[in-house]
Amino acid sequence: MNTYDHATAPASWNDFNDAEAQQGGFDLIPRGITVPVRMTIKPGGHDDHTQGWTGGYATQSFDTGAVYLACEFVVTDGPFAKRKMWSNVGLLSPKGPAWGQMGRSFIRAVLNSARNVQPQDNSPQAAAARRINSFADLDGIEFLARVDVEKDGKGEDRNVVKIAIEPDHKDYVAMAGATRGPGGNMGGGGHSGAPVQPVPAYAQKTQPARPVVPTGKPTWAQ
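Residues numbered from 1 in each chain as written. Predicted model: local features only at pLDDT ≥ 70, side-chain atom pairs only at ≥ 80, totals over all residues. Heavy atoms only, no water.

K.L.:
For this particular structure, what's the right way to read the confidence of the model for the protein?
P.N.:
Atom-level detail of predicted coordinates should not be read off regions where pLDDT is low. Mean pLDDT over the protein works out to 80, with 73% of the residues at or above the 70 mark. For residues 180-215, every residue scores under 50 in pLDDT, and the model assigns this stretch 87 contacts once sequence neighbours within four places are set aside. (pLDDT = per-residue confidence, 0-100. Contact = heavy atoms within 4.5 Å.)

In structure tokens form, the structure reads like this:
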């Protein structure tokens, strides 16, 4: 005959007195900190084939008519690992081209950071690395980002991502060096006292329509 052990039985579904107390919220990540992040896009269902926006990745605001990518950024390493931030990447605004241009500049920097392309590099390989087939190529991309702080809709501070750290920045070089293993390979361990240069990496994903020659690492930094 089975017996019911009240000591180990689950609590009553409507009695929460024995539930653990809620943990306090996280402190903000300090403004200006550089962290490796993985960006994912929350699909908004807005497509515009004249712009090449397919797959339902873009979102259109009902209030303003502006179109953007609703992005989540998850810190992938370091003391703030697994922390999340949310920001919108502008694509189009009825008010003018400025917002869309800011979004294009951000995406360019993201690609430079993820694929280790110097901002001033105008070689054919670099140009190919700054092209995408669709927004799907940005969904899951990893890069270095600078953390910022801004007010949310309730007037409270929140962390956001507005700037991608590119290979010509000192933080990029330092973090790339920190992830190198013996012999200059990424992935841990120390390195010699010689100045560390980022390992060229114009591609981390295969892009069938526009093949990019893979030459090394980050994303970020494997």
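Now, onward.
K.L.:
Help me understand the environment of D47, please; the structure alone is not making it clear to me.
P.N.:
When you line up the elements, D47 lands in strand β2 (residues 46-48). Between the alpha carbons of D47 and Q60 there is a distance of 9.3 Å; along the sequence they are 13 residues apart. Within the local environment of D47, its side chain forms a polar contact with the backbone nitrogen of G55, the two atoms lying 3.4 Å apart. (Helix = DSSP H or I, 4+ residues; strand = E, 2+ residues; numbered from the N terminus. Polar contact = N/O pair within 3.5 Å; in protein donor to acceptor, adjacent residues only side chain to side chain.)

K.L.:
Teacher, can you tell me more about the pairing of strand β7 (residues 157-164) here?
P.N.:
Where strand β6 (residues 141-151) meets β7, 7 bridges bridge the pair, whose relative direction is antiparallel. For E150, the partnering residue across the bridge sits in β7 and is R158. Between β6 and the antiparallel strand that follows it, β7, lie 5 residues; G155 among them carries a positive phi value of about 80°. (Pairing = 2+ DSSP bridges.)

K.L.:
Whenever I open this one, the nonpolar core confuses me. Can you help?
P.N.:
For soluble globular proteins, nonpolar side chains are generally found buried alongside one another. The biggest cluster of nonpolar side chains holds 31 residues, and the ones touching the most others in it are L69, F73, M85, F106, L138 and F143. Elements with a contribution of two residues or more to this core: β1 (34-42), β3 (53-60), β4 (67-75), β5 (84-92), α1 (98-115), β6 and β7. Considering each element in turn, this core owes the most residues, 6 residues, to α1. Discounting residues that sit within four places of it in the chain, F106 has contacts with M39, F73, V89, F143, V161, K162, I163 and A164. (Core = buried A, V, L, I, M, F, W, Y, C linked by side-chain atoms within 4.5 Å. Buried < 20%, exposed > 50% of the residue type's maximum accessible area, 1.4 Å probe, protein only.)

K.L.:
How do you make sense of the side chain of R83 when you look at a structure like this?
P.N.:
Inspection of the secondary structure assignment puts R83 in the loop between β4 and β5. Buried charge without a salt bridge: R83, with D27 as the nearest opposite-charge side chain at an N-O distance of 7.3 Å. Sequence-distant contacts of R83, that is, excluding residues within four places in its chain, are made with F26, D27, L28, I29, F73, V74, V75 and N159. (Lys, Arg positive; Asp, Glu negative; His and termini not counted. Salt bridge = Lys/Arg side-chain N within 4 Å of Asp/Glu carboxyl O.)

K.L.:
Just to check I follow, could you spell out unusual backbone geometry for this structure?
P.N.:
Most peptide bonds take the trans configuration, and most residues that are not glycine carry a negative phi. In the Ramachandran plot, K82 falls in the positive-phi region, its phi being about 80° despite a non-glycine side chain. Tracing the chain through its elements places K82 in the loop between β4 and β5. One non-glycine residue, N116, lies in positive phi territory at about 60°. Within the secondary structure layout, N116 lies in the loop between α1 and α2 (124-129). By relative accessible area, which is 6% here, N116 ends up buried.

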